[in-house]
Amino acid sequence: MLHLFDKIHKNLLKIIYPTYCLGCQQLLLKNEDVLCSNCLHNLPLTLHQELSVNEINRNFYGILPLEFAYSFLYFHKNGITQNLIHHLKYKKRQDIGVFLGELFSYHLQSNEKIRKVDFIIPVPLHEKRLFERGYNQVDTFCQTLSRELNITYDNSILKRISYSKSQTKKNKKERSEMSTTPFEVVFDASLHGKHFLIVDDVITTGATLEACAKELLSIPNSKVSLLTIAYSQS
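Q: Could you give me a rundown of the nonpolar core, with the residues and numbers involved?
A: Counting 36 residues, the largest nonpolar core has Leu35, Leu84, Leu100, Phe104, Phe141, Leu197 and Leu227 as the members making the most contacts within it. For this core, the elements supplying multiple residues, two or more each, are strand S1 (66-75), helix H4 (80-90), helix H5 (95-108), helix H7 (139-149), strand S6 (195-203) and strand S7 (223-232). It is H5 that contributes the most residues to this core, five residues altogether. Those residues in contact with Leu35 that lie beyond four places of it in its chain are Cys21, Leu22, Gly23, Leu28, Leu40, Leu43, Ile80, Leu84 and Phe99.

Pasting the structure below:
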C-alpha cells in the first residue's frame, strides 16, 4: 500500500512539476525517470565488467594491485554522461545517483568478482568541501549499489585530511605532484584481509583513486578494486 501511495504521489508531482530528460531536454513521459527511453537506450556504456582487461586495468598496471576496475559510462564532452554528472555534482540531483546505481547494479548482478567485495567505500570529501556542497555526490550511487548488491557501505574508513581547490582544471602532471597523500584510513583488526571497492564519479588521471587505494592497501592483507560512474578518455 505504501509503495502504491509513493507511486501515485510521484505521478502527481510529475503532472504539477513536469520533468525533462537530462539527455535531450524533452518532457519525460509517465514511466520515465531522469532520462527518456531514447537517451537511456543510447547511454555510452563501457561494458568494462564484461572484459578481462579494460582501459582502467591498463592505466593502473604496475601501479596498483587491483582485483578489478570498472566504469559504467564513457564521459564525452557535452554528452549525456557529462550532463548527468554535472547535475548530480552541482545541481543537488542526488536522485541521479540512485538512478545510475540501479542501472549499474543490474549489469553487475551476475558478476562473480563483485560478490567478493566486503565494503563499498566512497571517495571522501573534506569536511569543508562537504559543508560547501552539502553532500558527497557519490553517496546515493554507493548506497544504491550497497542495497542492490548486498554489500556493506561504509564512509567512515577512508577520510580526506587535506582541503584543496577543485582539480578539474589541473593537468595530469599537476594532479600527480601531491607531496603528501590527502587521505588516511581509520581501521582496526576487524578490517584486516577485507576487500574494499573504492567508488568515485569520474576517473580521469586516476591520481585521486590511486591515493585512496594506497591508503586502504596499508591495511594488512587488504584488497582493493575501483568503480566509477564514468571514464574520461581525455
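The rest of the description comes next.
Q: Can you lay out the environment of Phe119 for me, pointing to particular residues and giving the numbers?
A: Residue placement: Phe119 occurs in strand S2 (residues 119-122). The class for Phe119 is buried, based on a relative accessible area of 14%. It is 5.0 Å that separates the C-alpha atoms of Phe119 and Phe196, two residues lying 77 residues apart in sequence.

Q: Just give me the short version of the packing of H4 against H5, but keep the residues and values in it.
A: For the pair H4 and H5, the least separation of the axes is 8 Å and the interaxial angle reads 135°. The angle between H4 and H5 places the two elements in the oblique class. Here H4 contributes Leu84, His87 and Leu88 to the contact with H5, which in turn contributes Ile96, Gly97 and Leu100.

Q: Just give me the short version of the side chain of Ser232, but keep the residues and values in it.
A: Of note, Ser232 is situated in strand S7. Taking relative accessible area as the criterion, Ser232 reaches 6% and is therefore assigned buried. Dropping the residues within four chain positions of it, Ser232 is found in contact with Phe75, Val202, Ile203 and Thr204.

Q: So what about the packing of H5 against H7? Which residues, and what values?
A: One way to put it is that H5 packs onto H7 with a least axis distance of 8 Å and a crossing angle of 35°. Judged by the sense of rotation from one axis to the other, the crossing of H5 with H7 is right-handed. Across from Gly97, Val98, Leu100, Gly101, Glu102, Phe104, Ser105 and Leu108 in H5, the residues of H7 making contact are Thr140, Phe141, Thr144, Leu145, Arg147, Glu148 and Leu149.

Q: Mind laying out unusual backbone geometry, listing which residues take part and the relevant values?
A: With a phi close to 60°, Leu47 is a non-glycine residue in the positive phi region. Take Leu47: it is sitting in the loop between helix H2 (37-41) and helix H3 (55-60). Positive phi values are uncommon outside glycine, yet Asn221 reaches one of about 60°. The topology assignment puts Asn221 in the loop between helix H9 (207-216) and S7. For Asn221, a relative accessible area of 66% translates into the label exposed.

Criteria and cut-off values
Residues numbered from 1 in each chain as written. Predicted model: local features only at pLDDT ≥ 70, side-chain atom pairs only at ≥ 80, totals over all residues. Heavy atoms only, no water. Core = buried A, V, L, I, M, F, W, Y, C linked by side-chain atoms within 4.5 Å. Buried < 20%, exposed > 50% of the residue type's maximum accessible area, 1.4 Å probe, protein only. Helix = DSSP H or I, 4+ residues; strand = E, 2+ residues; numbered from the N terminus. Contact = heavy atoms within 4.5 Å. Axes fitted to C-alpha atoms, helices over the stretch in contact; angles between N-to-C directions. Parallel < 35°, antiparallel > 145°, perpendicular 65-115°, else oblique. Left-handed = near helix turned anticlockwise from the far one by under 90°.

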